[in-house]
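Here are the chains, one letter per residue:
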Amino acid sequence: MSVGHPDAILATGGGGQLGHHLARSAGARAGARAGARVVALGRRELDLTDPGSIAAALDRHRPRVVINAAAYTDVDGAESDEAAARAVNAAGAGSLGLACRDRGIRLIHLSTDYVFSGEVPGGGDPATAPGVEPDDPTGPATAYGRTKLAGELAVLAAHPEATVIRTAWVYTGPGRRGQGLSGSDFVDTMARLEGQRDTVSVVDDQWGSPTHAPTLAAAILEMVALEADGAVDTRGLVLHAAGSGRATWCEVARRTFAHLGADPDRVTPCTTADFPRPAPRPAFSVLSGRSWEDAGLAPLPDWGESLRAALASAPGVVGAASSSSPLR
Ligand SMILES: NC(=O)c1ccc[n+]([C@@H]2O[C@H](COP(=O)([O-])OP(=O)(O)OC[C@H]3O[C@@H](n4cnc5c(N)ncnc54)[C@H](OP(=O)(O)O)[C@@H]3O)[C@@H](O)[C@H]2O)c1
């Protein structure tokens, strides 16, 4: 067993949203004792489906901590190719767990609200029902959720001192393009559609915890730093880390429009039944922040506050906000 630089953190999924923000956020923390250096590796440098690639990357970088932000995240695609999703999210995560345990490396593994069934606890009102806790019964309704739940179990079986962090509804927003992130996310898409369409229909019967990716990355790095100081100990825990509060997708879209200076009533509510998808989306996956706070960690900010900040800081968006033209 050999562990390298005491501050070294390796993030998998470096080309993805969270991996990118872990590296970026670490740069902003430079000078802090821990969490100051994150090496974020893309799939070509560390392929979770290839144990040889995992071993080579760990032996080359010799991190103290690994944050597994890599995953097969195509929720609809997983419905038609669950084996591919399982190879990454379950078998791959388990291989990483073994490799980290064998080398004495701390492992933090990211998981998802989709491990839950989506039913409102107790059948109550989704607007007021308590958020889901880590030890509430799981019951994924999608192939993606099944593979992610299998991944949690595989990681903890291989490396009982690993920490599983479930998050939800992760977005970067329109700033993502300027940061070289490919693809899109919900807030980015809504900001784009605000400039392209008179009205947009968005589902208003799915409740969740919108989570700003840079905020989540910073919270995870803070957790790592506090652990290095001995202030907290999350080994072996399953935690929920997501934006505080709750919203429907429609509410997120409306707030996005409002922050862009557009009329939020241009976002019209619709139901899940109006937009059938290959993978059924959970009706309720609000994650309670209690486990995070019980571990001694600061709650993530209110989702609406993070959204406002994300849109205010996105290059080019303020200019768009000052235009009241509904179609550009
Ligand atoms: N995004 C959300 O709304 C959300 C919600 C809840 C939980 N999560 C969880 O949060 C974590 C981070 O998600 P994210 O939003 O950052 O996802 P993302 O943007 O889709 O990034 C995932 C990354 O994983 C990489 N990857 C895929 N297969 C791989 C493999 N075999 N080996 C190594 N890397 C591989 C992808 O590489 P390529 O680009 O090459 O495909 C991609 O860069 C994941 O565990 C996800 O399940 C996300």
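Residues numbered from 1 in each chain as written. Predicted model: local features only at pLDDT ≥ 70, side-chain atom pairs only at ≥ 80, totals over all residues. Heavy atoms only, no water.

*Asks:* Quick rundown of the site of the ligand? Include the residues and the values.
*Replies:* Neighbouring the ligand are 25 residues; Leu18, Arg43, Thr73, Tyr144 and Lys148 lie closest to it. The separation between an oxygen atom of the ligand and a polar main-chain atom of Gln17 is 2.9 Å. Within the contact set of the ligand, a nitrogen atom lies 2.9 Å away from a backbone nitrogen or oxygen of Leu48. Contact with the protein chains hides 80% of the accessible area of the ligand, taken as 900 Å² for the molecule alone. At the level of secondary structure, the elements contributing two or more residues to the shell around the ligand comprise α1 (17-28), β4 (106-112) and α5 (143-158). For the shell around the ligand, the element with the most residues is β4, which contributes three residues. For the shell around the ligand, the class distribution of residues is twelve nonpolar, nine polar and four charged. (Near = heavy atom within 4 Å. Polar contact = N/O pair within 3.5 Å; in protein donor to acceptor, adjacent residues only side chain to side chain. Areas by Shrake-Rupley, 256 points an atom, 1.4 Å probe, with all protein chains shown as cover. Helix = DSSP H or I, 4+ residues; strand = E, 2+ residues; numbered from the N terminus. Nonpolar A, V, L, I, M, F, W, Y, C, P; charged D, E, K, R; others polar.)

*Asks:* Before we move on, could you go through the side chain of Thr112 and cite the residues and values that matter?
*Replies:* As for its placement among the helices and strands, Thr112 is situated in strand β4. Taking relative accessible area as the criterion, Thr112 reaches 5% and is therefore assigned buried. Once residues lying within four places of it in the same chain are set aside, the contact partners of Thr112 are Tyr144, Lys148, Arg166 and Thr167. (Buried < 20%, exposed > 50% of the residue type's maximum accessible area, 1.4 Å probe, protein only. Contact = heavy atoms within 4.5 Å.)

*Asks:* An account of the pattern of salt bridges is needed here, citing residue identities and associated values.
*Replies:* If you walk through the whole model with that rule in mind, you get 17 salt bridges. The salt bridge involving Glu227 is made with Arg106; its shortest N-O contact spans 2.8 Å. With Glu227 in helix α7 (residues 213-228) and Arg106 in strand β4, the pair connects residues that are 121 residues apart, well separated along the chain. For the pair formed by Glu227 and Arg106, the shared burial category is buried. Notably, a salt bridge pairs Arg290 with Glu133, separated by 3.5 Å at the nearest N-O pair. Residue Arg290 is found in helix α9 (residues 290-294), and its partner Glu133 is found in the loop between β4 and α5; the two are separated by 157 residues along the sequence. Using a relative accessible area of 13% as the deciding quantity, one classes Glu133 as buried. One salt-bridge network, in which partners are shared between bridges, spans Asp76, Arg277 and Arg281. (Salt bridge = Lys/Arg side-chain N within 4 Å of Asp/Glu carboxyl O.)

*Asks:* Talk me through empty space enclosed by the protein; I want residue IDs and the actual numbers.
*Replies:* The gaps of empty space that remain are located by a probe, the size of a water molecule, rolled over the atoms. Applying the stated rule across the entire model yields one cavity of 30 Å³ or more. Computed from the structure, the largest cavity encloses a volume of approximately 30 Å³. Lining the largest cavity, in full, are Tyr114, Trp169, Gln206, Trp249, Arg281, Pro282 and Ser285. When its residues are assigned to classes, the lining of the largest cavity shows four nonpolar, two polar and one charged. (1 Å grid on protein atoms, 1.4 Å probe; cavity = no way out; pocket = protein on both sides within 12 Å on 5 of 7 lines; lining within 4 Å. Points joined across faces, edges and corners; volume = space filled by probe spheres on them.)

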